[in-house]
Structures are given as C-alpha cells and as structure tokens.
Amino acid sequence: QESEKILSAYTTKSVITLGTDQTTAYISTYILVMALYTAILAYGQLVATSVVTEKSSRAMEMLITCASPSDLMFGKVIGAGLAGFTQIAVIFGVGAISLPVMLNSMPADLKSIISFPIESALFAILFFVLAFFIYAFVFAAIASLVSRIEDLSSIMSPVMFIIIFVFMAVIFGMNSGELNSPLMITISYIPFTAPIAMFARIAMSDVAAWEIIISVAIQVASVFILGKLAAAIYRVGVLLYGKPPKLGQALKMVFSKKARS
C-alpha cells in the first residue's frame, strides 16, 4: 500500500513568469506592429499624394498667395495626423469593447495565448504619433520636389526601403525570440526605425526604463529637427516644376539660401 501511494502520487506544478511571456504577447505584438507599419505607410503616402496633387493641378500657386509654404506643410501634416489619430482611436475603442466578448467564447488553451495588455496599446499609440510625424515631414518634403504623381514612387523608394527593412527585421526578431540582439538594440535608437523596433522590444521583452526614455527623447528631438528641415525644403520645392532634383541638390539649395540670407 505504501509503494502504491508512492508510485501513484499526484504531482502538481506551477509556472512563475520571471519576465515577459513572449508566447502570450506574440499575437498582440504582431497585430500592433502590423498596424504601425500599415498606418505609417498609409498616412505618409496620404500627405505625399496631397502635396503632389496640389502641385500638378497648379493649386499650389494659388495657395501660397494666401499662406506661407511652412504653414501649408504643417497644416497638411497636422490635418492628416488628426484624421489618422481619430481613426486609430475608433479602431482601438472597438477592439477594447469587442475583445472581452470574443475571448469569452474562445477555448481556454487559445485564450491563454491571446492578450492585449493596456500598456502595449498605450505604447503603440505613443510610437504611432512619433512615427507619423517623423515620416509625414519626410514625405511632405520629398513630395514637394516632384510635380507629377508618376514621379512620386521613384523619389519615395529610399524611405519605403527603410520602413520595409525595419518591419522585416522586427518580424524576424519576434519569430526568433531575439529581441535584444545587437541589431534590434541599434535600430531601437535610430529615429526612422525606433518606433516599430522599440515597441516590439517593449511588448515582447524586458526593456529598462532608461532605454525607453532615451529612445522616445531621440524621436521627439527628431520630430522637431525634421519639421524645421522639411519646412525649409518645402519652401524651396513647392514652386519647382519639371525634372525633380535629388534630395542632396535640394539640401544644397536650402543651405545656400540660408547662407545668402
């Protein structure tokens, strides 16, 4: 009887999560990363297309008689941003209402690997705001250099490559679980790649508070610097027609104009 008790003893176990559970956070992080990637492309291209449309229809020549080019650019970026923020808020609001209902109807084993922490949603909104302004200023400045819609895709290619690169790097890091690799850490501090990379690291790994603060500070500083630079390029580019100049040539024109003034 004693032997039977020992052989048939019931064992219990408990799992203690010491850090972020990547299995549980994977699905929510993947969805939010995809949302960030799609929103950056969609609203950035919206700003660029709007600028080129005004130039190709010659409406720009009328608009700059009523407002300065800088006011037009910032108004366009802020307007598109408010539209984007409203849409994102509606999407997150619907998700917050419908998610509990959806989870209640799921099997327990599937429910255990799906979670949308409120912290991840808040960080996603923060990094979307920063990424939008960073890329919207870049798209607006680049679009001001072309006068036809047909030329827009070619001049935007370098920026598109950056967005696609960081998206692929983040997805690879998520699939491999190596979210604190040297590559991921490096691109977490580069303004053009930090919004997606740092968000993925926060959502699926343990990131120190000082790392988040430094990354956000770099992005905020980049927004102001890129805003001023984009406004200067926009002032030069809105009245340029014909063959679009390269970005280096446009920068030379901007700095030479400042030197003369």
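One can find the structure itself at the top, above this paragraph.
Residues take numbers from 1 onward in each chain, read along the sequence in its written order. Only residues with pLDDT of 70 or above have their local features reported here, since the model is predicted, and side-chain atom pairs are shown and tallied only from 80 upward, although totals for entire chains, interfaces and linings are computed over all residues. Side-chain measures were taken over the full set of non-hydrogen atoms in the model, leaving aside hydrogen atoms and water.

## Regarding the pattern of salt bridges
Here the idea is simple: oppositely charged side chains can pair when their charged atoms come close.
In step 1: Salt bridges are defined by distance alone: a side-chain nitrogen of Lys or Arg within 4 Å of a carboxyl oxygen of Asp or Glu. Scanning the model with the defined rule gives one salt bridge in all.
In step 2: A salt bridge links Glu211 to Arg201, with the shortest nitrogen-to-oxygen separation between them at 3.1 Å. With Glu211 in helix α10 (residues 209-237) and Arg201 in helix α9 (residues 194-204), this pair connects stretches of sequence that are ten residues apart. Just as Glu211 is buried, Arg201 falls in that class too. Helix and strand definitions follow DSSP, with helices as H or I runs of at least four residues and strands as E runs of at least two, each counted in order from the N terminus. Relative accessibility thresholds used throughout: buried, under 20% of the residue-type maximum; exposed, over 50%; partly exposed, between the two (1.4 Å probe, protein chains only).

## Here we look at the packing of aromatic side chains
In step 1: Pairing of aromatic rings covers Phe, Tyr and Trp, the last counted by its six-membered ring, and requires centre-to-centre distances within 6.5 Å; plane angles under 30 degrees mean stacked, over 60 mean edge-to-face, and any other angle means tilted. According to the stated counting rule, one finds 13 aromatic pairs in the structure shown.
In step 2: With centroids separated by 5.6 Å and ring planes inclined at 75°, the aromatic side chains of Phe74 and Phe137 adopt a geometry described as edge-to-face. Here Phe74, found in helix α4 (residues 69-104), pairs with Phe137, found in helix α6 (residues 118-143); they are 63 residues apart in sequence, far enough to count as distant.

## Details of the nonpolar core
Generally speaking, nonpolar side chains in soluble globular proteins are found buried as a group.
In step 1: To form a nonpolar core, buried Ala, Val, Leu, Ile, Met, Phe, Trp, Tyr and Cys residues must be joined to one another through side-chain atoms within 4.5 Å. Grouped together as the largest cluster of nonpolar side chains are 68 residues, with contacts concentrated most on Val33 and Val170.
In step 2: At the level of secondary structure, the elements contributing two or more residues to this core comprise α2 (22-56), α4, α6, α7 (152-176), α8 (182-187), α9 and α10.
In step 3: With 17 residues, α6 is the single largest residue contributor to this core.
In step 4: Discounting chain neighbours no more than four positions away, the residues touching Val170 are Val33, Met184, Ile196, Ala197 and Ala200. Note on contacts: a residue pair qualifies if any of its non-hydrogen atoms lie within 4.5 Å across the two residues.

## Details of the packing of α7 against α9
In step 1: Close contact between α7 and α9 brings their axes to 9 Å; oriented N to C, the two are set at 15°. As judged from the angle between their axes, α7 and α9 are roughly parallel. The hand of the α7/α9 crossing is right-handed. Taken together, the residues of α9 that come into contact with α7 (itself represented by Val166, Val170 and Met174) are Ile196, Ala197, Ala200 and Met204.
In step 2: Note on residue categories: nonpolar means Ala, Val, Leu, Ile, Met, Phe, Trp, Tyr, Cys or Pro, charged means Asp, Glu, Lys or Arg, and polar means any other residue, Gly included. Split by residue class, the contact of α7 with α9 holds seven nonpolar, no polar and no charged. Each axis is a line fitted through C-alpha atoms, taken for helices only over the stretch in contact, and angles between the N-to-C directions span 0 to 180 degrees. What sets the label is the angle itself: under 35 degrees gives roughly parallel, over 145 gives roughly antiparallel, 65 to 115 gives roughly perpendicular, and the rest give oblique. A crossing counts as left-handed when the near helix is turned anticlockwise from the far one by less than a right angle, and as right-handed when that turn is clockwise.

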